[in-house]
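Structure at a glance
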Amino acid sequence: MTIGEQANLAASYKRMPKLKLVGQALENFLLAEQLNASNQKKDAKIAELTDEVRTLAMRPNGPDQGRSASDASA
């Protein structure tokens, strides 16, 4: 069942007096699932950027390595 179908099912349950709470619970569950998926994407991006920062931090500083700031500006 797709997310759209589940959302439609939740909406139809909410229109039925005896199933209104079930519909609300299903709707809340679907919202939580969407947030979880969004957070997982963000966590993956954070991990990717963290790895990139580590890689950049391990690199030598380039041709000015070992020179002082006053030497580099001269």
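About the thresholds
Residues numbered from 1 in each chain as written. Predicted model: local features only at pLDDT ≥ 70, side-chain atom pairs only at ≥ 80, totals over all residues. Heavy atoms only, no water. Helix = DSSP H or I, 4+ residues; strand = E, 2+ residues; numbered from the N terminus. Buried < 20%, exposed > 50% of the residue type's maximum accessible area, 1.4 Å probe, protein only. Areas by Shrake-Rupley, 256 points an atom, 1.4 Å probe, with all protein chains shown as cover. Salt bridge = Lys/Arg side-chain N within 4 Å of Asp/Glu carboxyl O.

1. Re the overall build of the protein
Looking only at helices and strands, the protein features three helices and zero strands. Along the protein, helices (α) and strands (β) appear in the sequence α-α-α when read from the amino end. Per-residue burial for the protein yields a buried fraction of 5% across its 74 residues. Surface accessibility of the protein: about 6400 Å² in total, with carbon and sulfur atoms responsible for 59%.

2. Quick word on the pattern of salt bridges
In this structure the tally under the stated criterion is three salt bridges. Among the salt bridges present, the one from Lys45 reaches Glu48, with a minimum N-O distance of 3.6 Å. With Lys45 and Glu48 both in helix H2 (residues 20-58) and three residues apart, this pair spans about one turn of that helix. The class for Lys45 is partly exposed, based on a relative accessible area of 42%. The salt bridge partner of Asp51 is Arg54, with a shortest N-O separation of 3.4 Å. In this pair, Asp51 and Arg54 both sit in helix H2, three residues apart, roughly one turn of the helix. By relative accessible area, which is 44% here, Asp51 ends up partly exposed. By relative accessible area, which is 53% here, Arg54 ends up exposed.

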